Amino acid sequence: MSTIVVELRDSRRLTGPNLLADAPGAVIDGTVSGCPVDAMEVAWSARATEALNAVGWTDSTLAVRRYDGGLSVYFSAPADVLYAATEVNEWAWAAAASDVGASGDTPSLSDVLPSLNQSIADERDPALLALAAEARRRGLSFRADDEFAAVGSGRGNLSWAADALPAPEDVEWDDVFDIPTVIVTGTNGKTTTVRMASSIAKAAGYTVGFTCTDGIYVGDELLDGGDWSGPGGARAVLRDRRVEVAILETARGGMLRRGLGVDRADAAIVTNVAADHLGEWGILSVADVATAKLVVAKAVRHGAPLIANADDPYVSSAAQALRPDVTWVAVDAADELGRAGGSAAWVWVDGWLVRRSDAGDVRLVDAASVPATMGGAAVYNISNALGAAALAWAIGIGDEGIRRGLVAFDPNPEQSPGRGNLFEVAGATVLVDFVHNAHGFDAIGRTIEAMTPSRVALMIGQAGDRDDASIRDFVRAAWGLQPDRVAIKRMPGYERGRDSGEVASMIEAEMSALGAEPGSVSVHEDEVAAAEALLNWAEPDDVVLLSTQADRDGVLELVRARADQ
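An account of the accompanying structure is given in this report. (Residues numbered from 1 in each chain as written. Predicted model: local features only at pLDDT ≥ 70, side-chain atom pairs only at ≥ 80, totals over all residues. Heavy atoms only, no water.)

1. A short note on the pattern of salt bridges
If the charged atoms of two oppositely charged side chains come close together, the side chains can form a pair. As enumerated under the stated definition, the model contains 36 salt bridges in all. The partner of Arg356 in a salt bridge is Asp361, and the shortest N-O contact between them spans 3.0 Å. The partly exposed category is assigned to Arg356, whose relative accessible area is 21%. Judged by relative accessible area, which is 45%, Asp361 ranks as partly exposed. One salt bridge in this structure joins Arg476 and Asp473, with 2.4 Å as the shortest N-O distance. Of this pair, Arg476 and Asp473 both sit in helix α14 (residues 468-479), 3 residues apart, roughly one helical turn. Exposure remark for Arg476: the relative accessible area of 38% places this residue in the partly exposed category. The exposure class of Asp473 is partly exposed, given its relative accessible area of 39%. Through salt bridges with shared partners, one network takes in Arg195, Asp214, Arg419, Arg552 and Asp553. (Salt bridge = Lys/Arg side-chain N within 4 Å of Asp/Glu carboxyl O. Buried < 20%, exposed > 50% of the residue type's maximum accessible area, 1.4 Å probe, protein only. Helix = DSSP H or I, 4+ residues; strand = E, 2+ residues; numbered from the N terminus.)

2. Remarks on the sheet that holds strand β8 (residues 181-185)
Taken in spatial order, the 11 strands line up as β11-β10-β9-β12-β8-β13-β14-β15-β16-β17-β18 in an open sheet, and their pairing is mixed. Looking at which strands have only one partner, the edges of the open sheet turn out to be β11 (221-225) and β18 (360-366). Between one strand axis and the next, the sheet turns through 15 degrees on average, direction left out of account. Pairing between strand β9 (residues 208-212) and strand β12 (residues 245-249): 4 bridges, direction parallel. Following the sheet pairing, Phe210 is matched in β12 by Ile247. Relative to the sheet, helix α12 (residues 399-408) contacts β16 (344-349), β17 (352-357) and β18, its axis offset from that of β18 by approximately 30 degrees. (Pairing = 2+ DSSP bridges. Axes fitted to C-alpha atoms, helices over the stretch in contact; angles between N-to-C directions. Contact = heavy atoms within 4.5 Å.)

3. Digging into the packing of aromatic side chains
With the rule as written, the count across this model stands at 3 aromatic pairs. Between Phe210 and Tyr217, the aromatic rings sit 4.7 Å apart at their centres with planes inclined by 10 degrees, giving stacked as the arrangement. Accessibility classification places Phe210 together with Tyr217 in one group, the buried group. Taking NZ or CZ as reference, Arg355 lies 3.9 Å from the ring centre of Trp393, over its face. Looking at Arg455, its charged tip hangs above the ring of Trp537, at a distance of 3.8 Å from the centre. (Phe/Tyr/Trp six-rings, centres within 6.5 Å; stacked < 30°, edge-to-face > 60°. Lys NZ or Arg CZ within 6 Å of the ring centre and 35° of its normal.)

4. Notes on the packing of α14 against helix α15 (residues 502-514)
Between α14 and α15, whose axes approach to 10 Å, the crossing angle comes to 50 degrees. Relative to α15, the element α14 is oriented oblique. The chirality of how α14 crosses α15 is right-handed. Side by side, α14 and α15 meet where Asp468, Ile471, Arg472, Phe474, Val475, Arg476, Ala478 and Trp479 of the first sit next to Val503, Met506, Ile507, Glu510, Met511 and Leu514 of the second. The class makeup of the residues in the contact of α14 with α15 is 10 nonpolar, no polar and 4 charged. (Parallel < 35°, antiparallel > 145°, perpendicular 65-115°, else oblique. Left-handed = near helix turned anticlockwise from the far one by under 90°. Nonpolar A, V, L, I, M, F, W, Y, C, P; charged D, E, K, R; others polar.)

5. Overview of the environment of Ala344
Secondary-structure assignment places Ala344 in strand β16. Residue classification places Ala344 among the partly exposed positions, given a relative accessible area of 25%. Sequence separation of Ala344 and Thr327 is 17 residues, and the distance between their C-alpha atoms is 5.0 Å.

6. Description of the side chain of Ser416
The residue Ser416 is located in the loop between α12 and β19 (421-425) in this model. By relative accessible area, Ser416 is classed as buried at 1%. If near-sequence neighbours (up to four positions away) are discounted, Ser416 is found in contact with Thr192, Arg195, Phe409, Pro411 and Asn421.

7. Digging into the packing of helix α11 (residues 379-394) against α12
It is at 10 Å that the axes of α11 and α12 come closest, and there the two elements cross at 145 degrees. The element α11 and its partner α12 pack so that their crossing is right-handed. Across the interface between the two elements, Ala385, Ala389, Ala392 and Trp393 of α11 pack against Asp399, Ile402 and Leu406 of α12. Of the residues that constitute the contact of α11 with α12, the class distribution is 6 nonpolar, no polar and 1 charged.

8. Some details on the sheet that holds β19
Spatially, 6 strands are ordered β19-β20-β24-β21-β22-β23 in an open sheet, and the strand pairing comes out mixed. Across the chains shown, the open sheet's two edge strands, defined by having one partner strand only, are β19 and β23 (521-524). Averaged over all pairs of adjacent strands, the angle between strand axes in this sheet comes to 15 degrees, irrespective of strand direction. When strand β21 (residues 456-460) meets strand β24 (residues 543-547), the two strands line up parallel, connected through 4 bridges. Looking at β24, one finds that Val456 is bridged to Val543. In this fold helix α16 (residues 527-537) packs onto β20 (428-433), β21, β22 (485-489), β23 and β24, with an angle of close to 165 degrees to the strand it touches most, β22.

Nothing here speaks to function; it is geometry throughout.
Here you go:
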């Protein structure tokens, strides 16, 4: 007889629309072995209902998502008591684990109920609920965190400290409104799409606030550097009264960890999906990634455009399952969009970016004149440009503004650091890019092939939080570039549970197994050292791809210095 083991992997609050539901609540991710997962689901549902009734949350809704070896369990809860809600859920999970035969002692509900009720009472915030309800009644957005609460957005927002909220009747509601807001998600291309859309909105005369993995920006000002692609970055931009248009990069991690940072948007796009970060929060396959990314559809369920990449079969299938009126972008699948359905499309036809509708095709701009496409060679950036154009159109920016914004966007280190930055170093073409997964190498390979290089050099490395199979797939995709020289970079600080040098050794072994010539592969202590080795090796007409994540600024400084020489 097998031992029953039930493990709680993560317990957290969800502050916005999320993978399991549209409302705030509490969720637990856990694994189950030794008994059927559905037995744990039934037991948890019974225990959660018992606890919710006991604390007076009789109108809560329950949701469960099963995956191989585990499940996520959720119930909705009042937005002002979400920390307490996690305590309620943890008791229900532990009690359910005992019910299915897992070892461990769980106190009875009667024993823990006084403590749970006290936690709820301590956290209650009637002023927050009243303000949120009045904003919803007026059709306005509302956002809150541990520090601030706000109604409206950008230039039309009013915000207050969380402990000093006004009564609804004391708010100057005539001054409150929502600005155009769009959401960008996907595995690759998010930040570039955000920056392209920002260039378009700026060309149209707007003060733009945007978030991405590089930071929070308002106009030309960097407010805070680092990865701000979660709900916190969205709230910061939407609280800034200078902002007239908001463009929000929204990563899967933030959506799964906390839910969406906004519950209404004027458009949302899913650029693509790939096998990246599998295994986190029960996301085990590329189809799961597509489902997780399309949580953004919950922000545009009121009729605003859901924009999706028709070239990506996972995104296309998942989007069509959600809505019949998807707005498509397509490079390779442009001719098939008539059969796919949808209200509009942005496609690449005969070298042109084209807006397609029932009224016919409108040519916007020759792709080769958009600097980010590298003369039309960077097909992945043609797709990103189409997505940015679709977002801009959704918020009322016309063809001329779209055209000017795309032509003005130059993927140099100032406008788009570490993403498609091209240099010439002693006659060799050097491309500095964030490419970091198999999907990205497949896309960038088309670009390098179009450059017809004499030889190809590649800098490669990977963080330690991918499983062995994902790392091998990543190396095989990189090997598809047919590199003549490979510099493997160690990434100090990115070991994420692995021994120092372990990932670099795996990459070296896989390169050898794939047929790398002896002496053509070397291992270096960091990105700058690896980049320097390739620049020393390169000759005129070579292409050098520097895939940088750990020390982008150091690599760019080195390449700039070599280019200046």
